Each structure stands twice: as structure tokens, then as C-alpha cells.
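Coordinates in review
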Amino acid sequence: MKNETEKYYVVEVNWTGPDQNTWRYIDYDRYEVTTEPPRNNSDGSIQLSGWLGTNDDVASYAHGEYDSQAAAEYAIIQMLDGECRRHDELDAAMELGVVALYRPGRYSPMSDDVLSDYIFRTIETHEVSVPSGEITREQLNGVVRELRKLLRDDGSDAPEDRIEAMLIDVFEMEMTVD
């Protein structure tokens, strides 16, 4: 049975270290709803708002105390203007007391390696067709838009300029002047 005086807290966790576009860290940032009050790194005191500290390239921020889990989750959605997704698989390495986890962004971002593999596979399996020989800017833009739509349909995303760079790199495309 739930303790009627139990409070819920929102803690933001961000990767601040190198390699932010690698598979390990590209989707690292998260917002946790926890039953344990957030504590300041330097002295261990309970802190309900602001920067808690940074350890091993991971920064933490407290975002308030709430009377219910639903209120804490709603606060996260409001903080991120609805541009977030609930992450249903709670990572075993997370802190004790975490009851919900949200990731910023409507879609999961892809690392460079995974994006490169995805582009190669979708073109090789003819899900997306690429004109042979030289390609115009208009044709390239069409392929990029098509790839981005497929990514989003699969629950992931990458900026168009990254998709374009990967596409040119993977297939060593040559552009003509429009």
C-alpha cells in the first residue's frame, strides 16, 4: 500500500562528456521520477531545485517535489513542451527509487554508426531508391526526406544535414549543379 505522505521528485540527468554522437551516449539524457529526494553532490543535503553536481561527465539537476507520480510526470512533459517520450524499460543501473523515466525528444536519436548502417540497409533493401550516377540537389533532398520519414516511422530520428552527410559518405555520391 502506498504511503499517503510519499513524495515524488524529478531529477534531470545529462551526459556532458565526449562522444555525444556515439551509440552509448546519443540518448543518454533523461528525466527521472523518483521517490528518493535528490541530494547535492558536495554535501549530500536534500536539494529540490537546481544543479546537484557533476560526476564522471554526468550532470544532475533537481526539478521539484510533487504529491503524486502523475503530477511529477506531467511536470516533465510540461518542462519539455511535450517533446519527450516515456521510456518503459527502467535501466537496472539507475538509482534506487526511480519509478518513471522520460527521454527528451519525440524520437530516439541515432548514433553515427547506427545511422550509417540504417541508411545502407534501407537503400540495399530498396526501401529507398537512390539515382545512379551523379545526383542533383533536388534528388538528394528527396532521398534525405524519404529516409527521415522512414526513421521517424521506426521511432528514431536524425537531423537532415546528418542524414545527407552520411548518405554522401556511405555511397560516395557525386553532385551535379542544379
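Residues numbered from 1 in each chain as written. Predicted model: local features only at pLDDT ≥ 70, side-chain atom pairs only at ≥ 80, totals over all residues. Heavy atoms only, no water.

In this structure the tally under the stated criterion is 3 aromatic pairs. With a centroid separation of 3.8 Å and an interplanar angle of 5°, the aromatic rings of tryptophan 15 and tyrosine 25 are classed as stacked. Of this pair, tryptophan 15 sits in strand S1 (residues 8-15) while tyrosine 25 sits in the loop between S1 and strand S2 (30-34); the two residues are 10 residues apart in sequence, bridging distant segments of the chain. In terms of burial, tryptophan 15 and tyrosine 25 fall into one category: buried. Taken together, Trp15, Tyr25 and Tyr28 form an aromatic cluster joined through their ring pairs. Here the guanidinium or amino end of arginine 30 rests over the ring plane of tyrosine 28, the centre of that ring lying 5.1 Å away. (Phe/Tyr/Trp six-rings, centres within 6.5 Å; stacked < 30°, edge-to-face > 60°. Helix = DSSP H or I, 4+ residues; strand = E, 2+ residues; numbered from the N terminus. Buried < 20%, exposed > 50% of the residue type's maximum accessible area, 1.4 Å probe, protein only. Lys NZ or Arg CZ within 6 Å of the ring centre and 35° of its normal.)

Quick look at the pattern of salt bridges now. Under the defined criterion, the tally for this structure stands at 12 salt bridges. The shortest N-O distance in the salt bridge between glutamate 73 and arginine 86 comes to 2.5 Å. In this pair, glutamate 73 is assigned in helix H1 (residues 69-79) and arginine 86 in strand S5 (residues 84-86), connecting sequence segments 13 residues apart. With its nearest N and O atoms 3.9 Å apart, the salt bridge here joins arginine 148 to glutamate 160. Pair noted here: arginine 148 is in helix H3 (residues 137-153) and glutamate 160 is in helix H4 (residues 160-171), with a separation of 12 residues, a long-range link. (Salt bridge = Lys/Arg side-chain N within 4 Å of Asp/Glu carboxyl O.)

What follows covers the nonpolar core. Judged by nonpolar contacts, the single largest core of 16 residues is most densely connected at Leu115, Ile119, Leu147, Leu151, Ile163 and Leu167. It is H3 that provides the largest number of residues to this core, a total of 5 residues. By size, the runner-up hydrophobic cluster in this structure holds 12 residues, among which are Ala72, Leu80, Cys84 and Ala100. (Core = buried A, V, L, I, M, F, W, Y, C linked by side-chain atoms within 4.5 Å.)

An α-helix turns once every 3.6 residues. As a result, residues three or four positions apart point the same way. Here H3 spans 24 Å end to end across 17 residues, near enough to the 24 Å set by a 1.5 Å rise per residue. Glycine 155 sits one or two residues past H3 and shows a positive phi near 90°. (Expected span 1.5 Å × (residues − 1).)

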